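What follows is the residue order along each chain.
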Amino acid sequence: MSNNEILKPGVYYLQGAQACLEGAITAGCRVYAGYPITPATEIMEHAAHRLPRLGGRFIQMEDEISSASVLLGASWAGAKAMTATSSPGFSLMQEVISFAIMTETPLVIVDVQRPGPGQGYITTGQEDVMQARWGHHGEGSIIALSPASVQDMFEFTIEAFNLAERWRTPVLVMAEETVAHMRERLIVPAPGTIPIVNRTKPQDMGIAPEHYLPYGHAQVPPMATWGEGYNINHVSLVHHEDGNVTRYNPKVHFENVARIHRKIEDNVDTIARLETRELEGCRHVLICYGSVSRTGIEAVLEARAERGIPIGFIRLHTLWPFPERQLRDLLPDVGVVFVPEMNLGMMAHPIMEALRDRCRRVVSIPSLGSLHSPEMILARIYEELQ
Amino acid sequence: MTRQQRFEIRIAGFGGQGVVTIGRILGTAFSVFGGKNSVNTQSYGPESRGGACRSEVVVSEGDINYPYVRNADVLIALSQVALDTYIGELKEGGILVFDPDAVTTLPPSGRFLRYAVPTVALAHETGDLKYQNVVALGALYALIRDRIEKASLMEALKQSVPPKTIDTNMAAFDKGKRYVQSHFLRET
């Protein structure tokens, strides 16, 4: 790995944390601001090593609120910017996430989840998946991805930047200690084969400065960069299309916030991705995400091979917006839905809601602080079905 | 789909013995130069208390789903604590490499293939105790030559150590390899 260029095509053996930052660099990220916390610190260390040599900026801030706030200014100035933290720090960043949703600011936050509440522990977890969606105050949907391998850490981080730029919104990469610390092969494809998305500017749409509305023109408004001649009001108060906040009325309020929410939710099928295996003819299904999906598929394959149980597998690549319609289309009629998670049953709730009239029951398989073993998931499947 | 065989290596000892480094070298050798999939993890959090250190490499021709060791094929134990902690998860007929100067209490013989390799003493012969891990790596290579090319390990080793130590590292590797060959495999 050369220090002063983007990762070249080839085969590498990297930690998930390193692959995440390399993905960010490949996506065009040149600003990182952060505050260290186990188990996310390796991303920050790698950023400190890499970004200055690429002409980028690395800033250690005094806390997580200021770290995330740096991304706002960087993004408005035209940069792609990210930070990484772990669960207690992610709590502190909620204020900025809310602000970024309302100001429609593209940025990427990686949460290398550890168990909570409080300081909790420094091992692995998936206990922030609801905080990702509902932790910020106010309305407004969010995009959150769930990587399960070192290759995913690279590719999903690129995807996170692309989604942030495309939809003008903060995007969350909900990693876990498991996937951030493991080392695996990373295959970097040839340049030009990785799609990179950049935000639409008013210039791209032929909009002159005097006609520019920073929150208008489209469901996803074009975003001007500071210093290019366009007047921009980055406001997190309820605002008109021109950014004006002085003439409040409920109709404008509804249009403003509903548009920000709907630009994500109207496009769930474009944004959200999931992966299926062994679904053909299955009677039951196991639904999971993140590193638990590695144990999950192992358990499904063993249950099929050892006892002939007709069980299929679905992995959510995208947690939010939740792919409800996709799940319903895949599962018109199913028996038991197993949901192993490294929490006490969080995503089991939207899954239950999505499949309320499609399945016999939803069985949560919780684990706190450590990855389920295949035996643990198998035992629950066998107990339920035999 | 056909589920592929996993080959699981666990290396354990104290922090500072280079346990993590040889795990990374093995993973790089298998995956970057050997064309196989591997996942390398290391001890963390509660496991690493009290100076204990562990590194794992799971290797397969196919997908590696569950990333941790389930039933180890190999245990390299560089301390008594490491052996006591992990011997129960070494599969029957598995390979146990241990340093007889550090590990003095062994479980009853018969279940595993045992290889006593004086890694500390051999490392001292290279001039520095810090090469103990690479002595152990050489010893392991002699026992799993059907699974990995020496050239792959050498390339991974070169990538992972400071350039000026490459020659000594290679000498340490050969010491471990030759010890096993001459004491257990009747080869030279």
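No experiment lies behind these values; they were computed from the predicted model shown. (Residues numbered from 1 in each chain as written. Chains lettered and ligands numbered in written order. Predicted model: local features only at pLDDT ≥ 70, side-chain atom pairs only at ≥ 80, totals over all residues. Heavy atoms only, no water.)

1. Considering the overall build of chain B
Okay, so step 1: If you tally the helices and strands in chain B, you get six helices and six strands.
Okay, so step 2: Listed by position from the N terminus, the elements making up chain B come as β-α-β-β-β-α-β-β-α-α-α-α.
Okay, so step 3: Here the C-alpha radius of gyration of chain B, 15 Å, is about what a compact globule of 188 residues would show, namely 16 Å.
Okay, so step 4: Along the longest, intermediate and shortest principal axes, the C-alpha atoms of chain B span 50 × 40 × 35 Å.
Okay, so step 5: Evaluated residue by residue, chain B yields a buried proportion of 56% over its 188 residues.
Okay, so step 6: As displayed, chain B has an accessible area near 8100 Å², and 47% of this comes from carbon and sulfur atoms. (Helix = DSSP H or I, 4+ residues; strand = E, 2+ residues; numbered from the N terminus. Rg over C-alpha atoms; globule rule 2.2 N^0.38 Å. Buried < 20%, exposed > 50% of the residue type's maximum accessible area, 1.4 Å probe, protein only. Areas by Shrake-Rupley, 256 points an atom, 1.4 Å probe, with all protein chains shown as cover.)

2. Let's talk about the overall build of chain A
Okay, so step 1: Secondary structure summary: chain A contains 14 helices and 14 strands in total.
Okay, so step 2: Scaling as 2.2 N^0.38, a compact globule of 386 residues should have a C-alpha radius of gyration of about 21 Å, and chain A matches this with 21 Å.
Okay, so step 3: Along the first, second and third principal axes, the C-alpha set of chain A runs to 70 × 50 × 40 Å.
Okay, so step 4: Residue burial in chain A is summarised as follows: out of 386 residues, 61% are buried.
Okay, so step 5: Contacts in chain A between residues far apart in sequence, at least 24 positions, make up 78% of those at least 6 positions apart.
Okay, so step 6: Accessible surface computed for chain A: about 14300 Å², of which carbon and sulfur atoms make up 52%. (Contact = heavy atoms within 4.5 Å.)

3. Structural notes on the pairing of strand β10 (residues 284-289) of chain A
All names here are of chain A.
Okay, so step 1: Of all six residues that make up β10, six are buried, and the element is covered over most of its length.
Okay, so step 2: Pairing of β10 with strand β11 (residues 311-316) involves six bridges; the strand directions are parallel. Directly across from I287, in β11, lies its bridge partner I314.
Okay, so step 3: Considered for its hand, the β-α-β crossover made up of β10, helix α11 (residues 292-307) and β11 is right-handed. (Pairing = 2+ DSSP bridges. Right-handed = clockwise from strand over helix to strand, strands pointing away.)

4. Here we look at the nonpolar core
Burial of nonpolar side chains together is a common tendency in soluble globular proteins.
Okay, so step 1: The biggest cluster of nonpolar side chains holds 65 residues, and the ones touching the most others in it are A:Y32, A:I43, A:M82, A:V110, A:L186 and B:L96.
Okay, so step 2: The element that contributes the greatest number of residues to this core is helix α7 (residues 150-167) of chain A, accounting for ten residues.
Okay, so step 3: Contacts of A:L186, omitting those with residues within four sequence positions, involve A:L7, A:G10, A:V11, A:Y12, A:L14, A:A19, A:V150, A:Q151 and A:F154.
Okay, so step 4: Listed in part, the 51 residues of the second largest apolar core include A:A74, A:F90, A:L279 and A:W320. (Core = buried A, V, L, I, M, F, W, Y, C linked by side-chain atoms within 4.5 Å.)

5. With respect to the interface of chain A and chain B
Okay, so step 1: Every contact between the two is made by 28 residues of chain A and, on the other side, 27 residues of chain B.
Okay, so step 2: For the pairing of chain A and chain B, the buried interface totals around 2300 Å² over both sides, and the portion due to carbon and sulfur atoms is 50%.
Okay, so step 3: It is A:Y13, A:R183 and A:R185 that lose the most area in chain A upon contact with chain B, and together they represent 30% of the buried surface on that side.
Okay, so step 4: Put simply, chain A and chain B have three salt bridges between them.
Okay, so step 5: Run the count over chain A and chain B and you get twelve residue pairs in polar contact (both at pLDDT 80 or more).
Okay, so step 6: Broken down by secondary-structure element, the contributors of at least two residues to the side of chain A that touches chain B are β1 (10-15), α8 (177-181), β8 (183-188), α11 and α14 (374-385) of chain A.
Okay, so step 7: It is α11(A) that contributes the most residues to the side of chain A that touches chain B, six residues altogether.
Okay, so step 8: Grouping the constituent residues of the side of chain A that touches chain B by class yields eleven nonpolar, seven polar and ten charged.
Okay, so step 9: Relative to strand β2 (residues 37-42) of chain B, β8(A) is paired through two bridges, and the arrangement is antiparallel. In the strand pairing of β2(B), A:R183 is matched with B:N40. (Buried area = accessible area lost by both parts, 1.4 Å probe. Salt bridge = Lys/Arg side-chain N within 4 Å of Asp/Glu carboxyl O. Polar contact = N/O pair within 3.5 Å; in protein donor to acceptor, adjacent residues only side chain to side chain. Nonpolar A, V, L, I, M, F, W, Y, C, P; charged D, E, K, R; others polar.)

6. A look at the domain arrangement of chain A
All names here are of chain A.
Okay, so step 1: Parsing chain A into structural domains produces domain 1 (10-188), domain 2 (202-266) and domain 3 (276-385).
Okay, so step 2: For domain 1 and domain 2, the distance between their C-alpha centroids amounts to 26 Å.
Okay, so step 3: Each partner contributes residues to the interface: domain 1 has 21 residues there, and domain 2 has 23 residues.
Okay, so step 4: Of the roughly 1800 Å² buried where domain 1 meets domain 2, counting both sides, 65% is carbon and sulfur surface.
Okay, so step 5: Among the residues domain 1 hides against domain 2, the three largest losses belong to W76, M102 and R168. Together they make up 40% of the total.
Okay, so step 6: In this structure, the connection of domain 1 to domain 2 is made through two salt bridges.
Okay, so step 7: A salt bridge links K263 to E104; the shortest N-O distance between them is 2.9 Å.
Okay, so step 8: Between domain 1 and domain 2 we count eleven residue pairs in polar contact (both at pLDDT 80 or more) in total.
Okay, so step 9: Of all the secondary-structure elements, those providing two or more residues to the side of domain 1 that touches domain 2 are α3 (64-76), α5 (94-103) and α7. (Domains from an automatic or database assignment.)

7. Some words on the sheet that holds β8(A)
Okay, so step 1: Across the sheet, eight strands lie side by side as β1(A)-β8(A)-β2(B)-β3(B)-β1(B)-β4(B)-β5(B)-β6(B); this open sheet has mixed pairing. A strand with exactly one partner marks an edge of an open sheet, and here the two such strands are β1 of chain A together with β6 (113-116) of chain B. Strand-to-strand twist across the sheet, computed as the mean angle between neighbouring axes with direction ignored, equals 20°.
Okay, so step 2: Where strand β1 (residues 6-14) of chain B meets strand β4 (residues 72-77) of chain B, four bridges bridge the pair, whose relative direction is parallel. (Axes fitted to C-alpha atoms, helices over the stretch in contact; angles between N-to-C directions.)

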